[in-house]
Amino acid sequence: MSAELSPVDDLPMDYETWFPNRRIRRRTGVLLHPTSFPGPYGIGDLGAQAFKFVDWLHDSGCSLWQVLPLVPPDETGSPYNGQDANCGNIRLISLEELVNDGLLSKEELPKPSEPDRVKFSEVARMKEPLLAEAARRLVRTDGELKQHLQEFCKDPIVAAIKTTLNANSWFEWPEPLKDRHLVALEEIYQTKREFIDVFIAQQFLFQRQWRKIREYATQKGISIMGDMPIYVGYNSADVWANKRQFLLRLSSLVSDVPPDAFSETGQLWNSPLYDWKAMERDGFSWWIRRLRRAQDLFDEYRVDHFRGFAGFWAVPAEAKVATVGKWKLGPGKSLFDAINNAVGDINIIAEDLGVITEDVVQLRRSIGAPGMTVLQFENQVVYTGTHDNGTIRGWWDVLPEHEKSNVVKYIGNVVEEDASWGLIRAALSSIAQTAGIPMQDILRLGSTARMNTPATQEGNWSWRIPESMNFDNLSHEADHLRDVISTYGRL
């Protein structure tokens, strides 16, 4: 308009309709990973309980469901150190849905068991043989489902190599496979054809079940927010297939997090650092593929450790604590410009907690992404907690009395409603456009329901909703939440 008009010229007749375009309406979401659903086979899955949860969200007035990464986790169950950024966690596949598809019989299902924590090794021993058998049957049969499988494509060669050589990591393989020599790769494709077909079929079954849930959520007016870790694991398929895009041989530094509010000594991630110069020369093609995959799975997504795109913390690989590192410059806006040019607008939330410097804030603003905070700033996503925090109840139980008094002065309804719902109400009453609540806080659960404790390796990621609190029994919580959501204009 400024190029066509001069000061004091008449403005167009529709000028009064030029209102600011708000990215999203005021809304409320719940953070709950599918592994935490109740269910009979040791781990939450993409079956009936997932649909019941979507119904519960709808009934409660929520319009957002946030999950953790859906990638194959590491041996501790962490989805933030996954084996492949573009594959799904097959342990989330519902066995009961496979019965409905005719790929398993009811008699083959394991004896029902509903422990209150996920025991990942036991789940693997119980489910993976059945998932492999269902996949083999799918590969060998004909029909509509097989036709859909034939349209589906994944790159499973890393899993095939690991099985062939009984090696835990690609860097333990013989040189021809480690360096992706074409003859060695072709030999694997030929000699492990059945394994590869089964791998593809398992990924197809994961994708099929997840898409059913996403389509159902869309029908119910629920947006699904995924979670994208900034880094990938050293022994992942991503590093093996794209070694030139990572600092492996030229650097003894790895990715970590300096001391912050989550850990006094920082966090040792030990993930390989990106070679951002090489990635830029390649047009950031790896990131573009990754974002396209995210768009295939989610309506929007949270980018974990967003600050690493502005400046990242690098620590010597042999370090025992993360305090002995140094800051290095990240790719900045050039990465997001390349992504936008390739895939269009991306709907992301920037996880900008921890040590946040001015360049991180400016980068987030330059791409129009809301950040994360606690009870302040409008263009933000406000949380009562994240997967890395303790629950409100657990935090409140150990809070010194003088600090409790300060909280009561700030939000006086804590005593009346209890700490969990007092802070939930405070979050929903904030001016933040999106308010997110971990399911544990809605259920008023204590510290034993914590999902993850940063800088620790054991006992994380395994929390599940207690059997007594399945979604059929949570109508009171849904009604209560809907009342509060309605009060603060988030319906």
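The structure under discussion appears in the preceding block.
No experiment lies behind these values; they were computed from the predicted model shown.

About the thresholds
- Residues numbered from 1 in each chain as written.
- Predicted model: local features only at pLDDT ≥ 70, side-chain atom pairs only at ≥ 80, totals over all residues.
- Heavy atoms only, no water.
- Phe/Tyr/Trp six-rings, centres within 6.5 Å; stacked < 30°, edge-to-face > 60°.
- Helix = DSSP H or I, 4+ residues; strand = E, 2+ residues; numbered from the N terminus.
- Buried < 20%, exposed > 50% of the residue type's maximum accessible area, 1.4 Å probe, protein only.
- Lys NZ or Arg CZ within 6 Å of the ring centre and 35° of its normal.
- Core = buried A, V, L, I, M, F, W, Y, C linked by side-chain atoms within 4.5 Å.
- Contact = heavy atoms within 4.5 Å.
- Axes fitted to C-alpha atoms, helices over the stretch in contact; angles between N-to-C directions.
- Parallel < 35°, antiparallel > 145°, perpendicular 65-115°, else oblique.
- Nonpolar A, V, L, I, M, F, W, Y, C, P; charged D, E, K, R; others polar.
- Left-handed = near helix turned anticlockwise from the far one by under 90°.
- Salt bridge = Lys/Arg side-chain N within 4 Å of Asp/Glu carboxyl O.
- Polar contact = N/O pair within 3.5 Å; in protein donor to acceptor, adjacent residues only side chain to side chain.
- Patch = residues over 30% accessible without salt bridge, like charges linked within 9 Å, V, L, I, M, F, W, Y side chains within 5 Å.
- Areas by Shrake-Rupley, 256 points an atom, 1.4 Å probe, with all protein chains shown as cover.

Engineer: Could you clarify how one ought to interpret the packing of aromatic side chains in this entry?
Structural biologist: The geometry of an aromatic ring pair comes down to the distance between the two centres and the angle between the two planes. Applying the stated criterion across every chain yields a total of 31 aromatic pairs. Aromatic pair Phe53 and Phe471: ring centres 5.2 Å apart, planes at 40°, arrangement tilted. Separated by 418 residues along the polypeptide, Phe53 in helix α1 (residues 48–60) and Phe471 in the loop between α18 (439–442) and α19 (475–487) bring together distant segments of the chain. Exposure class is identical for Phe53 and Phe471. Each is buried. Through a chain of ring-to-ring contacts, the aromatic side chains of Tyr231, Phe246, Tyr274, Trp276, Phe284, Trp286, Trp287, Phe306, Phe309 and Phe336 assemble into a single cluster. In this arrangement the basic side chain of Arg180 is found over the ring face of Trp240, its NZ or CZ atom lying 4.3 Å from the centre.

Engineer: I keep staring at the nonpolar core and nothing clicks. Help me out?
Structural biologist: Most often, soluble globular proteins have nonpolar side chains that are buried together. Membership of the largest hydrophobic core comes to 119 residues, with the highest contact counts inside it found for Trp56, Trp65, Trp287 and Met439. Of all the elements, helix α8 (residues 193–219) adds the most residues to this core, at 10 residues. Apart from the residues within four sequence positions on either side, Trp287 is in contact with Met228, Ile230, Tyr274, Trp276, Met279, Phe309, Leu335 and Ile339. Counting residues in hydrophobic clusters, the runner-up holds 8 residues, among them Ile392, Ile411, Ala419 and Ala426.

Engineer: Even after reading the chapter, I still don't get the packing of α8 against helix α11 (residues 285–297), so can you show me in this structure?
Structural biologist: Two packed helices can be described by the angle between their axes and the distance between those axes. At their nearest, the axes of α8 and α11 sit 10 Å apart, and the two run at 55° to each other. Comparing the axis directions of α8 and α11 gives the class oblique. Of the residues in α11, those touching α8 at Phe206, Gln207, Trp210, Arg211 and Arg214 are Arg293, Gln295, Asp296 and Leu297. Broken down by class, the residue content of the contact of α8 with α11 amounts to 3 nonpolar, 2 polar and 4 charged.

Engineer: Would you take a moment to explain the packing of α1 against α8 for this structure?
Structural biologist: Viewed as axis vectors pointing N to C, α1 and α8 meet at an angle of 15°, and their least axial separation amounts to 10 Å. On the basis of the axis angle, α1 is roughly parallel to α8. Read as a crossing pair, α1 and α8 show a hand that is right-handed. Here Ala50, Phe51, Val54 and Asp55 of α1 lie close against α8, whose contacting residues are Lys212, Ile213, Tyr216 and Ala217. Across the contact of α1 with α8, the residue classes break down as 6 nonpolar, no polar and 2 charged.

Engineer: Is there a simple way to explain the environment of Ala319 in this structure?
Structural biologist: Mapped onto the elements of the fold, Ala319 is located in the loop between β8 (311–316) and β9 (326–329). Setting aside anything within four residues of it in sequence, one finds Ala319 in contact with Leu268 and Val324.

Engineer: Honestly, the pattern of salt bridges in this entry has me stumped. Any pointers?
Structural biologist: Opposite charge on two side chains allows them to pair when their charged atoms are near. Enumeration according to the criterion identifies 22 salt bridges in this entry. Ionic pairing is found between Asp197 and Arg193, a salt bridge with its closest N-O pair at 3.3 Å. Taken together, the positions of Asp197 and Arg193, both in helix α8 and 4 residues apart, correspond to about one turn of that helix. Put simply, Asp337 and Lys333 hold a salt bridge, and the shortest N to O gap is 2.7 Å. Of this pair, Asp337 and Lys333 both sit in helix α12 (residues 333–343), 4 residues apart, roughly one helical turn. One network of salt bridges, in which partners are shared, links Glu108, Glu133, Arg136 and Arg137.

Engineer: Help me understand the environment of Asp483, please; the structure alone is not making it clear to me.
Structural biologist: Secondary-structure assignment places Asp483 in helix α19. Residues Asp483 and Ser60, spaced 423 residues apart in sequence, show a C-alpha to C-alpha distance of 8.3 Å.

Engineer: Before we go on, may I ask you to explain the side chain of Ser223 in this structure?
Structural biologist: Looking at where Ser223 falls in the secondary structure, it is placed in strand β3 (residues 223–228). Looking at Ser223, its side chain comes within polar contact range of the side chain of Glu300, at 2.6 Å.

Engineer: Whenever I open this one, the environment of Met228 confuses me. Can you help?
Structural biologist: One can find Met228 in strand β3. Residue classification places Met228 among the buried residues on the basis of a relative accessible area of 6%. Here Met228 is in contact with Trp287, Arg290, Leu291, Ala294, Tyr301, Arg302, Val303 and Asp304, once residues within four sequence places are set aside.

Engineer: Would you mind going over a nonpolar patch on the surface with me for this structure?
Structural biologist: On the surface, Leu11, Tyr15 and Trp18 cluster together to form a nonpolar patch covering roughly 300 Å² of accessible area. Leu11 sits in the partly exposed class, given a relative accessible area of 39%.

Engineer: Honestly, the side chain of Thr28 in this entry has me stumped. Any pointers?
Structural biologist: Secondary-structure assignment places Thr28 in strand β1 (residues 27–31). Assessed through its relative accessible area of 0%, Thr28 is described here as buried. Beyond its immediate chain neighbours, meaning those up to four positions away, Thr28 contacts Cys62, Ser63, Leu64, Leu428, Ala435, Ile437, Ile485 and Arg490.

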